Amino acid sequence: MARIIDGKEISAAFKERVKAQVEELKSKGITPGLAVIIVEGDPASRIYVNNKKKACEQLGIYSEEHALPNDVTQEELLALISSLNNRSDINGILCQLPLPPHLDEEKVINSISPNKDVDAFHPMNVGRIMIGNFDFLPCTPAGIMEMLRYCDIDVEGKHCVVIGRSNIVGKPMAMLMLHKNATVTICHSKTRNLKEITRTADILVAAVGKANFVTADMVKPGTVVIDVGMNRLEDGKITGDVDFKAVEPISSAITPVPGGVGPMTIAVLMQNTVTAARRQNGFI
Ligand code: NAP
């Protein structure tokens, strides 16, 4: 039977450490501040934003939400980001993705000051992640690395297979594992013989966005399986990219969905906000 990697437990421990940093900052008269921009319309985005606000409240981080109507113009959105870039009480800014098609996501990401880019999506922060010298952690991949560390699962020398090459999950995931001396293979929709590759993984990360995509025949016995997927089923329930029921018995450790990677992503976002506040106030 596999060890269930409990994202709620691990994120609670991680957030305790972030809370201590918040308290230390507050003792010096500084309250970390996060601005969250949401363009209304996507119900999933609304849930994610609410969870981020809740986490800020829990940890004593000031947060403010900017909910914009679905027909907001690019100029209005950029003007808001510019004003937030200039505020000293706001240390971190995030714009919840995806945006409606009339808005240019790349321009929006690029307009957030790299010093306040707590999602680490700005090209400058992405480049620094690539080099291995970064202030802001890529939230989901860094959350996964923390889960592996917490569970004493060393990636050094292991074959890590990442399914998915998105800029926010797959690519930075591969980079963080590479920085820790794993041998990494990235798979995507054009990969040939996917099953043969995934069956050689010691650690398999699924970031595909398709429910039950990873089946038991794709997994070698004893593999550590990390499920990033968050797929909404017709009944409204969330499920991962891994067929948990079939894969759990053959894996050595596995993350559930929900209660796996998701809570860690938010915990790392909180850490990034505190890091931003510390850096902007000259403490690091
Ligand atoms: P994405 O941008 O849609 O990327 C999906 C990746 O999967 C792409 O690289 C795509 O390949 C690959 N793919 C699609 N079909 C495939 C196939 N048949 N075989 C192999 N690869 C295939 O998605 P994302 O933003 O990375 O997110 C992935 C999942 O993670 C989603 O369910 C998302 O909701 C979830 N997520 C969860 C968290 C969390 O905190 N838990 C955070 C972020 C995302 P191509 O590049 O070739 O198209």
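Reading the values: rules and limits
Residues numbered from 1 in each chain as written. Predicted model: local features only at pLDDT ≥ 70, side-chain atom pairs only at ≥ 80, totals over all residues. Heavy atoms only, no water. Core = buried A, V, L, I, M, F, W, Y, C linked by side-chain atoms within 4.5 Å. Buried < 20%, exposed > 50% of the residue type's maximum accessible area, 1.4 Å probe, protein only. Helix = DSSP H or I, 4+ residues; strand = E, 2+ residues; numbered from the N terminus. Domains from an automatic or database assignment. Contact = heavy atoms within 4.5 Å. Pairing = 2+ DSSP bridges. Axes fitted to C-alpha atoms, helices over the stretch in contact; angles between N-to-C directions.

A. Just the nonpolar core, in detail. Ranked by size, the top nonpolar core spans 54 residues in total, and within it Ile5, Leu34, Leu148, Met177, Ile226 and Met270 carry the most contacts. It is helix H10 (residues 261–280) that contributes the most residues to this core, ten residues altogether. Counting only domains with at least three residues in this core, you end up with domain 1 (29–113) and domain 2 (139–262). In contact with methionine 177, not counting residues within four places along its chain, are Met145, Leu148, Val155, Cys160, Val162, Ala182, Val184, Ile203 and Val205. Membership of the second largest hydrophobic core comes to 16 residues, among which are Ala35, Leu68, Ile90 and Ile112.

B. Quick peek at the domain arrangement of the chain. With domains assigned, the chain is organised as domain 1 (29–113) and domain 2 (139–262). Centre-to-centre, using C-alpha coordinates, domain 1 lies 28 Å away from domain 2.

C. Representation of the sheet that holds strand E2 (residues 33–39). Read across the open sheet, the three strands follow the order E3-E2-E4; overall the sheet is parallel. Sheet topology places strand E3 (62–68) and strand E4 (92–95) at the edges, where each strand pairs with a single neighbour. Along the sheet, successive strands turn relative to each other by an average axial angle of 15°, direction set aside. Two strands pair when backbone bridges link them, and E2 and E3 are joined in this way by seven bridges, in the parallel orientation. Across the sheet, residue valine 39 finds its bridge partner in E3, namely leucine 68.

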